[in-house]
Each structure stands twice: as C-alpha cells, then as structure tokens.
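Spelled out from the first residue to the last, the chains are:
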Amino acid sequence: MSMTTSEARSPVPLLLRRGRSSTALGTSEERSPLSLLFRRRSSKDVGNITSVSSSLLPAFGTVIENDNNPSSKSFIVLPYDRRYRLWELLLVILVGYSAWASLFELAFEKAADGAIPTIDLVVDFFFAVDIVLTFFVAYLDTSTYLIVDDHKLIARRYLKSVAFVMDVLSTLPIQFIYKAITGNIGRGQAFGFLNLLRLWRLRRVAELFKRLEKDTLFNYFVVRVIKLLCVSIFWVHTAGCILFWIAYHYPRPVDTWIGSQVEDFKERSIWLGYTYSMYWSIVTLTTVGYGDLHAVNTREKTFNMFYMLFNIGLAAYIIGNMTNLVVHSALRTFTMRSAINHILRYTNKNKLPDMMREQMLAHVQLKFKTAELKQEEVLQDLPKAIRSSINEHLFRSVIENAYLFKGFPDGLIIQLVSHIKAEYFPPKMEIILQNEIPTDFYIIVSGGVVLAKLGPGDMVGEIGVVFNIPQPFTVRTRRLSQVIRISHHKFKEMVQSDADDAKMIITNFMAYLKELNDELKKEIPFLRDLLANADAQEMVQTGESQQSYNEEMVTFSKDENENKQEPKREGVPKRVIIHGHPPNQGNNKNGDSSGRLIILPDSLPLLFDLAEKKLGKRGSTIVMVDGAHVEQLDVLRENDHLYIF
C-alpha cells in the first residue's frame, strides 16, 4: 500500500486497523481542506503520551499488520486525535447547558417566550454535526482491541446501536418542527417532557471525568472534587425544578409550598420562582430545614419523602468519596506512625538499649521521608533499560570520580550503573560493621562518615571486597548521608571479563592503599606484607631477574617436547599465601602466621623468584596443603596456601 511522503504517521504503532486496505494515494493527489481536518496528527504533535487511552491496546497473540500506518483512509477520525478531543470538550460544555435548560423549560413554561428556544436550536445544531461526524470516527473492537476504520463497519455499528436512536431523538428541534407544520408555537407539558431526552447527553460528562481521572496532567483530588460538586449542583437543580412543576400544576396554587408565601407566583418573574426553588432544594439537601418553606399538599409531601431518602444516599456517596480522598493522602503518615509503634513495642519487649532504639526509629523515619525521592515502588516496575538510564543520569559522575574507577571505559561504567542502588542513612547509623562478610561496598554521594572523615565521592567497604576478607572497619555516618551500593558479586563478574580493566582497578587500589595512614594500615590484615610484596614483584619484573626470566622463557620455547611456559592469565589477580616448608612441617592450617600473602604472578619462574625474595631461600617444588603438586597457576584459587621448598 503506497503512501504519500508527507502523510503523518501514527504516534502509537500498536493502534492498528481492521478491515480492507484503502486505495493508494498518489503524491500529486489533490486534497480538500476538509480532508486535512480528518487527517491523523504526526508523532511530533504528541505532547503527552498518557493522553492516549489505555484501552487502545491489541490483545496478546493478535497478529499485527502494517503497524506503521494504522489508518490511511481519508475522512477517518481516530478517537485519540487531539482535535477530536477538543471537539468532545466543546460538546461537554454544551451538555451542561442542555441539562440545565431541559429541566428549567419543563418547570417554567414561560421560558419558551424568551431567547432560550433559539439557544437550544444552536446547541442542537452542534450535536447534529456530531451525529454526522460519528460516522467517520474509528472505534475500538472489544473482541480484538484493534481500531476499526472501515466506513461500512463504522456506519453499521452506529446505526444498530441505541446511541444513534437516542442521539437523533435528543437532537430533533421538536418545537420548531411543530411550529413549521401547524404554525403555532409548541407549548405544554408534552414538549417539556420531550426536552428531557436531552439528558441522554449527560453520558458524555461521565466519560470526560473518567478520562480526566486517568490523565496525569490533572490533579486526581481536584477532578474528583469537581465531579462531586457537579453531581450535587445538578441534583439541587433537578429537585428544585420538579417541586416548582408540582406547585405550578396543582389545582389550588395557594395550597402549595410556594403559593403559601407568594400567592401570585404564576404571574411573577420566572427567576423569582427559580430562586425560591433553589433555596428550598439546598436547605433540604443540607438537612438544615428552617421551616419557612415546606410541603403543603400530598403531592409535595410524597416528593419530599423520596427526595430526602435519595439525599441520604447522595450524602453517603459524597462523604465516602471525600473521606477516601483525605485518608488516601494521609495513608503514608498513618503507615509510618504504625511502624514506629511496632518498633517501640519490640524494643520495650526485648529491652534493647536506647542507642539501638534511636537508630531503629531514625531509620524508619528516614525511610518514609525519602520514599518520594527514591520511589522504589515505581522504579522496580520499570524496564531495566529505563532504570539504567535513570541511574546513569543521576550517579555516573559520582562513579567516574571515585578513585577505584579512574580511567574506566564508558562501556564498563554503563554496565556498573545498571547494578547500583541508592540508599539513605541517618546520622550516627552504621553502614558497615567490623568483621561482617564483605557483600557490598559503597560510594558516598552526599554527607559523610566517621572513618577518616570521608565525604562525597569517597568509598567505604571496598577494602574488604577487594581483599575478600571480613570488613576491617566499622563505618558510621556523621550526618544524613546518601550512598550508592554496589554488589560484590556483580562487581567481580564485570571486572573479570577484561584483564586490562582488572589491572586498572588493582593499580588504583594499590595506589590508594599506599596513601593510607599508619593507623589504618595496622587494622588491615596482611596489608604491610601485601604492599611489600607488590614492591618486590615490581622490582623483579623490572630488574635483573626479569632478564634471566626472559632468557629462561626463550629456552623453554625452544624445547618442543616440554613446553613449560605459562600463558598470561586474564581476570582479577589472585592472592595466595606462600610458606617456605613442606605441608607436613609446622602449622599448616589456614591463616598460618608464618605465611606471606602475595599477588600471584603470571608464571612459575616469577613465583619462585618472588618466594625467594620473600622467604629468603629458593625452592623448586610447589605443593598444596593436601600434598598435590602445582604445575599450572591457572588451577589455583583465591587465598590458597602454597608450600615452596
């Protein structure tokens, strides 16, 4: 199906049509101005995608065809088109007038002598245009949830519906038709009751409020309040007009609720009667009941009984809705107070210290205060790509400025931000406890911690994660702090995929450790030995030992039968503990105090050289704690004990 190059495309590709294909349109085809009115808007005109009805979605398993062009037929209006929405809004305003005028003309027959009938004719003209327009509005097939834009299907559906009959009956200018046929002005109760057919148009108001309640551009509380106000005003107007109609057609006008106060009310102004009617209706609806206007005859008393019974239900509906709106706005506060009460009962029952109780209360209060900032419930329902984009926008600069990730490539930074989680900690709250398992480490976004007076951009917990040892320090916040948490396992999976990135992290980490003060170095196990081993390994790799190692590698490469050259290992460098004696001598348990923690070099010769430098003697055999001989370094794991002798 060919399309003109200038034809607009649909903003929602899933809104598809069902029916036969339209005729091809040539690029030189002449278009009438009316066709532009019905032409679909382009995607650049979509200011808010939430304005698209949520019901316009295809069912699961539906075969979608031609998803780039839901409707290419001329003179077809899509129900979510912005211009059609404005037309519906205009009709809703006219519906408000029709609802008021139809009841008013029934109760006050003299209103037919004024300008109201002419205004009714103009309003009916707009609704007559809408009837014609409906034959060109695509509709949603409730069985397939697809847009149908076939002219015959649209017309057949509308003509068979009750809406078409009621739209025509409520739009016909009966009084003017009667005048054109008989020459007399149409008056009387019959015409007043026929005008009540216009109340059928009120369904448009209900549909409008239903759509506004789902539209994020409008405040839900305000929309609901306006809806309740409109319901109340319409009911007050309806009851007042009905009661005046009863009094106007009563045989003895003096024996009526208004005739007892104004005997000649039929000859007085219609606005005087309308004022009395509205006054009585409002006083009765609000259950004030001053008694100055009251039912006199049996007809009025009967209507008053049903009116007051209905008022009970209306009052319950309004009060229930208002209560629901108010309670919903205070629900978060109620939940917080309930959680605090639970904590107080728990701490009292278990006799916890005051310090611990204050920390628990501070955590709960901070959780509810920051709930709107984190919006965990919203973020967890979003796709991973959107969550990653949000984290990258908020925290990428923080991660790039952290010392451990200096010089990191953009690709790895993007991977890292997709796995972080932002958290808040109140003042004097422990982020990390000493000797706990290193499952996460943190980057401080704002605030600060007691440890070495760290602040924004600094890291905590990374020493335990990189060394894979229990956390050496307790980290406590000094003030309200925001941090981003990075999982140990996710971090390790990312950096192990590239040896260069892993070495960059180790380089940054070792440079940071060398700058630590002596008090902190004493708290970290093996740190002094690790730094000494790193310096020794650097000397071995750059000094005279490197030259002999290269010569040995050349000799090994020439031997085709026994190639003992170790390939270069990839991933995060491993840490092992070396001993200078066989495993059956001395204390061979894990954590042997005579061992030395080193970073595993890339080959066996380098390992022998490093062991000689550290242990004071050169060995020729490497065995594990179970006596197994080590011939390849790739089989070793983190924190293995090696015995070199």
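Residues numbered from 1 in each chain as written. Predicted model: local features only at pLDDT ≥ 70, side-chain atom pairs only at ≥ 80, totals over all residues. Heavy atoms only, no water.

An unreviewed UniProt entry lists the protein chain under the name Potassium channel, with Brassica napus given as the organism. Turning to the protein chain, the UniProt annotation filed under Sequence similarities (unreviewed entry) states: "Belongs to the potassium channel family. Plant (TC 1.A.1.4) subfamily." Turning to the protein chain, the UniProt record has this under Function (unreviewed entry): "Potassium channel." (UniProt positions renumbered as here; feature names shortened; annotations may be inferred.)

Caption draft 1: Representation of the sheet that holds strand β13 (residues 641–644). If you walk across this open sheet you meet the four strands as β11-β10-β13-β12, and the pairing is mixed. The two strands at the open ends of the sheet, each matched to only one other strand, are β11 (596–599) and β12 (622–623). Sheet topology note: the strand β10 (residues 575–579)/β13 ladder contains three bridges and is parallel. Along β13, the bridge assignment pairs H579 with Y643. (Pairing = 2+ DSSP bridges. Helix = DSSP H or I, 4+ residues; strand = E, 2+ residues; numbered from the N terminus.)

Caption draft 2: Geometry of the nonpolar core. By size, the foremost hydrophobic cluster in this structure holds 35 residues, and its most contacted members are I399, F405 and I443. Going through the elements one at a time, α16 (384–401), α17 (410–417), β6 (440–446), α18 (462–467), β9 (481–487), α19 (488–495) and α20 (499–514) are the ones with two or more residues in this core. Sorting elements by how many residues they give to this core places α20 first, with five residues. Beyond its immediate sequence surroundings of up to four residues, I443 is in contact with V398, I399, A402, F405, G457, D458, M459, Q482, V483, I484 and I486. (Core = buried A, V, L, I, M, F, W, Y, C linked by side-chain atoms within 4.5 Å. Buried < 20%, exposed > 50% of the residue type's maximum accessible area, 1.4 Å probe, protein only. Contact = heavy atoms within 4.5 Å.)

Caption draft 3: The pattern of salt bridges, seen in detail. With the rule as written, the count across this model stands at 22 salt bridges. Residue D120 is joined to R198 by a salt bridge in which the shortest nitrogen-to-oxygen separation is 3.3 Å. Of this pair, D120 sits in helix α3 (residues 116–134) while R198 sits in the loop between α7 (189–195) and α8 (202–214), placing them 78 residues apart in sequence. Judged on exposure class, the residue D120 and its partner R198 are both buried. A salt bridge links R357 to E358; the shortest N-O distance between them is 3.9 Å. Given a relative accessible area of 25%, R357 falls into the partly exposed group. A single network of salt bridges, built from pairs that share partners, joins D120, D124, R198 and R201. (Salt bridge = Lys/Arg side-chain N within 4 Å of Asp/Glu carboxyl O.)

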